Structures are given as structure tokens and as C-alpha cells.
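A structural walkthrough
Residues per chain are reported as follows:
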Amino acid sequence: MAHRVVLCALVSFLLAAGCYVGVGTNTNNSDGGTASVTFHKDVEPILQQHCQSCHVSGGIAPFPLLTYDDAKTNADDIVKQTGSLVMPPWGARNVPDSCTTRSAFKNDPSLTPDQITLLANWVAQGAVEGNIADAPPPFTPAPPGLDGANVDVSPAQGYTLQADATEDEFVCFVLDPKITTTSYINGSAVLPGNSLIVHHAVIYADPNRQSLGLITNQDQQSYPCFGGSNVTNGSLVAAWAPGGGPHEFPSNVGMPITAGSLLVMQVHYHPHTTDPKNQDVDVTHLQLRTTTAAPQYYAVSKIIGNFTSAPELQDAPFDIPPDASGHTETMKMTIPQSMTKGKPTALFSIGGHMHLVGSDIKVSLDRASPTGQNPSSECLMEIPKWDFYWQRQYEYDLDISQLPSVSAGDTLTIRCTYDNTMDNPALVSELTAQGQTQPVDVKLGESTLDEMCLAIVTTVVPAN
């Protein structure tokens, strides 16, 4: 699961929460001209609601967008990035003739077409400041982390890469959330301490405390764990990759965790040897919001894919040759009885995961027994411009009763498309960092220049 400094991982996943700013009277005039657009009246509200959560002084984004001077200095970039839909970052989109989801996803910070046009018109008209009396009240971004968290755990000792580290490292930290009675996780957030080297983090519940016997570093309470947690009865609690934020459920949904359970946080560290921050200590925090009151629905999260052989992996073996563009690998899984307990299960949220060679990922479902609300085939999500540095879980903007239904016998298909060429800037950057000048043959694997093809799904079932 590779990486960059410019992540918005520590800001709220609720980046815009549906707060769109209308363009008011600044629309095309009947004579084909455009009304005057000014910064304080028209542009500043858009920046507040869609940009300033990351673009603040000293923030994660590469420059602030707090003042008129900030915006004017970066005016051309604003038009380019918003016009190409790169910013604000949001991957899942409907694609004509490929994927139309049954609903929009919640918390989409994307600009409307009118807002994109307004920004372009502002720059075309000379990026006028206008009257400061028209400015909206100052914007205060939400604090990082999970709202209402009552559990905050981190490793007993920070982790630092060796000065000469060149290989990816996988470390499992054993954490004790001190759960004394059966509880229900209603939200989670992972806060990397050194986002330069944290490639991803996956957290598992360890109800039998098996991880205690695996510890090799007593000071850190950790052990090496390439490939997984090595805990036989572990269940997925949370996951983070660059761009991810808090994952929250409605008040009537919770993920059960039994009394005495430990948590195993697997962190994938990726060295960037040319950056001095490569040696900075990492202390990654996990925050949970829990309750002891039994919810109406249980949540279950699973990672599906990375199959190594047929029939799940189509056209085995998995291999992306050098200089291949538009190369696809497809994973298919028939949903087992154990995943749904023999009953239709509601799909609450979905995400995808690839590495730097990835360019497009699509997840779809073919049902064995379709119903009126749940057709025989349905696209669940597509990310047509995959960006490793902005990964999220996408939550359907629907009541639980209206969510896509998954049943035993249905077929989940994950289609991953890759660009293993020098036209892929993310790949070129990583090749350069590793002293390579040309693409290499890419296989399925854990390291940064390996690839993955995964769907992360969270389902909800009635608690009874």
C-alpha cells in the first residue's frame, strides 16, 4: 500500500460536508459576456469551503490560500488544478459507459462546474481583489483527528528508519486500548507521525492477545510483519493510506470489539533516503470512538483482492511489463456464506488500493439473485484517475435500507488498470528516488514498486 509529503491525511475526512457555495449573479450574461468576479465576494468563499482545510500557512499543502495575495500568486495553478478536477482531491467519479453508481458519495468536496467556471473567469478578468467588506467571516478548519474519540493509543516507543535504509520495512506495534467490556467502534482515525515514510497502516483486533507472543522489540512492543499481522484470529478494524481521514459510522452502527482485545497496528515504512526528514521519528496514533451500548447494526470491514492464482486472478500470472500503458489485471471473488451469514448484507462504503503504477480502478458486482432494488449487475465505484496520494473510503449517500446489497453467491470484480511507462509522473518520481531510469517488470507484492489490486469494503448487518 508509496507516498508524498503533500497529503491531507491529518485533516478531517469531512472536508466539505456538502458545503457548496453558489455563484450568485456571476454567471454568463445574455450578451455572451460575464459579470465582474472579485476575490472577496466570489472566490474567497469557495477557497474557504473547499481548499483551506489543507492550504493553510505551515499546512500539508505546498502553499497557503488564505489571503488575496496567496490566491493571486497561485491564480494560474488554481485554474489548472480545478479545471482538470485534480483539486479538490476526490477520486471516485461516474464514467460514461463504464460506471454509474446508484448514488453520490458523502462528503464530496468537488467543485460544481459553475464554480470551476467562476474561478477561471476571475483569473481571465485580471484576478480582481474587490471590496474587502464583501469578504465572508474567517474560516476555521476542523481540528485533525476523530471527533469524540475516547481511545488514543500509540506505540510505546517511536520508530526511526536506519540512516542507510533502502528497503521497505513492515512493523507491527502491539497496542492496548484497555477495553474492559464488549464495546462497539463507531469511528476510527489513523494519524501518522512522520508522513514522509508512513506508506500505509492497517489495524487488526487481536481478541486472543496472540500478538504478545510475537513481540521481538520489547521497548517498542513490536515485531516485523511483512505480509500481514501474523495473528490468526485477527479482524480488520481500520486502515489508512495517504489522503485518508477518519472513518465514521452513523450513531446506530458499531464494530464489535471484545473485552481484553489488543490491537495490532501494521505500519509499512518506505525510505526516502535523499530527504533529511527520512530519519525523523514516527509515532503513529490510532484514535477510536467507542460505546458500550449495543448498536442497531454491526459493521464489518474486509480487504478483498491481491489473488495470486486462478480462478480469482483472471489471466494469471499477475505481470505488468515495462512500457505497458492501459494494462489491466482483474480479480474476481464469489462472495462466501461466511461473509454474509447467509443473508443479504448492505454495502456501507468502498475503497480501492493500488500503488504508483495504478491508473484506474473499478469495482463491480454481479448478483446471483437480483431484486428490484438490486439489479443483476451494478458498478460500485470507479476511480478513473488513480492517485496514490489521495486514498479514501467512499460512503454512499443513502439510508441503510437503500444501500447496495451483497449476498452469498454474488461475484465481486476488481478491475485494475496500470501505466508502467515514463509518462506516469508518480512512477517516474519513485524510479528516480531509487536510482532507476526505466520502468521494470512489476509483479504483485507489498513493496512500493510492486503492485496491488484491492477493494476495501465495509458492510453493515442487523445486530440481531
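See the structure printed just above.
As the structure is a prediction and not an experimental result, all values here were calculated from the model.

Time to look at helix 3 (residues 75-83). Of all the residues in helix 3, the buried ones are Ala75, Ile78 and Thr82. Projected down its long axis, helix 3 shows its buried positions confined to an angular sector of 55 degrees, all on one face. Exposed residues on helix 3 whose side chains face more than 90 degrees from its buried face are Asp76 and Lys80. As for helix 3, its buried residues are in contact with helix 2 (68-73) and helix 4 (113-124). Remark: Leu85 follows helix 3 within two positions and exhibits a positive phi of approximately 65 degrees.

Turning next to the side chain of His327. For His327, the position within the fold is in strand 12 (residues 325-334). Within the structure, the side chain of His327 is placed 2.9 Å from the backbone oxygen of Asp319, a separation counted as a polar contact. For His327, the side chain forms a polar contact with the side chain of Glu329, separated by 2.9 Å. Contact partners of His327, with chain neighbours within four places excluded, come to Asp319, Ile320, Pro321, Cys416, Thr417 and Tyr418.

Attention now goes to the side chain of Thr345. Looking at the element boundaries, Thr345 is found in strand 13 (residues 345-353). If we ignore the near neighbours within four places in the chain, the residues touching Thr345 are Thr340, Pro404, Ser405, Val406, Thr459, Val460 and Val461.

Moving on, we come to the state of the cysteines. By the definition in use, this model includes three disulfides. Here Cys99 is linked by a disulfide to Cys379, with a sulfur-sulfur distance of 1.9 Å. On the S-S bond that ties Cys99 to Cys379, the torsion sits near -95 degrees, and the link is left-handed. In this pair, Cys99 is assigned in the loop between helix 3 and helix 4 and Cys379 in strand 15 (residues 377-383), connecting sequence segments 280 residues apart. Across the pair, exposure class does not vary: Cys99 and Cys379 are buried alike. Sulfur-sulfur distance for the disulfide between Cys172 and Cys225 comes to 2.2 Å.

Here we take up the pairing of strand 19 (residues 454-462). Counted residue by residue, strand 19 has seven buried out of nine residues, so it is predominantly covered. As paired elements, strand 11 (residues 297-305) and strand 19 share nine bridges and run antiparallel to each other. For Lys302, the partnering residue across the bridge sits in strand 19 and is Val457. In this sheet, strand 19 lies alongside strand 13 in antiparallel orientation, the contact comprising seven bridges. Directly across from Ala346, in strand 19, lies its bridge partner Val460.

Next up on the list: the packing of aromatic side chains. According to the stated counting rule, one finds twelve aromatic pairs in the structure shown. Aromatic side chains Phe105 and Tyr396 sit 5.1 Å apart centroid to centroid with 35 degrees between the ring planes, which places their arrangement in the tilted category. With Phe105 in the loop between helix 3 and helix 4 and Tyr396 in the loop between strand 16 (394-395) and strand 17 (405-406), the pair connects residues that are 291 residues apart, well separated along the chain. Its relative accessible area of 10% is what places Phe105 among the buried residues. In this structure Tyr396 comes out as buried when scored by relative accessible area, which is 1%. Taken together through their ring pairs, the aromatic side chains of Trp90, Phe105, Tyr394 and Tyr396 make up a single cluster.

Turning our attention to the sheet that holds strand 14 (residues 358-366). As summarised here, the arrangement of the four strands in space is 12-18-14-15, forming an open sheet in which the pairing is antiparallel. Edge positions in the sheet fall to strand 12 and strand 15, since each has one partner strand and no second. Pairs of neighbouring strands in the sheet enclose a mean axial angle of 15 degrees, with direction left out of account.

On to the pattern of salt bridges, then. In total, this model carries nine salt bridges according to the counting rule given. Taking the shortest distance from any N to any O, the salt bridge between Glu395 and Lys106 comes out at 3.0 Å. Here Glu395, found in strand 16, pairs with Lys106, found in the loop between helix 3 and helix 4; they are 289 residues apart in sequence, far enough to count as distant. Ionic pairing is found between Asp319 and Lys443, a salt bridge with its closest N-O pair at 2.7 Å.

Let us look at the sheet that holds strand 5 (residues 222-224). Strands pair in a sheet through their backbones, by hydrogen bonds, and they do so in one of two ways: parallel or antiparallel. With antiparallel pairing, the five strands of this open sheet are ordered in space as 5-2-9-4-6. Since the sheet does not close on itself, it has two edges, and those belong to strand 5 and strand 6 (235-240), each with one partner. Pairs of neighbouring strands in the sheet enclose a mean axial angle of 20 degrees, with direction left out of account.

With that settled, the discussion passes to helix 6 (residues 425-433). Every buried residue belonging to helix 6 is among Leu427, Glu430 and Leu431, and all of these are buried. For helix 6, the angular spread of the buried residues around the axis is 100 degrees, confining them to a single face. Among the exposed residues of helix 6, those pointing more than 90 degrees away from its buried face are Pro425 and Thr432. Packed against the buried residues of helix 6 are strand 18 (411-419). The opening residue of helix 6 is Asn424, an N-cap whose side-chain oxygen sits 3.2 Å from the backbone nitrogen of Ala426. Remark: Gly435 follows helix 6 within two positions and exhibits a positive phi of approximately 75 degrees.

Thresholds applied
- Residues numbered from 1 in each chain as written.
- Predicted model: local features only at pLDDT ≥ 70, side-chain atom pairs only at ≥ 80, totals over all residues.
- Heavy atoms only, no water.
- Buried < 20%, exposed > 50% of the residue type's maximum accessible area, 1.4 Å probe, protein only.
- Helix = DSSP H or I, 4+ residues; strand = E, 2+ residues; numbered from the N terminus.
- Arc of directions from axis to C-beta.
- Contact = heavy atoms within 4.5 Å.
- Polar contact = N/O pair within 3.5 Å; in protein donor to acceptor, adjacent residues only side chain to side chain.
- Disulfide = S-S within 2.5 Å.
- Pairing = 2+ DSSP bridges.
- Phe/Tyr/Trp six-rings, centres within 6.5 Å; stacked < 30°, edge-to-face > 60°.
- Axes fitted to C-alpha atoms, helices over the stretch in contact; angles between N-to-C directions.
- Salt bridge = Lys/Arg side-chain N within 4 Å of Asp/Glu carboxyl O.

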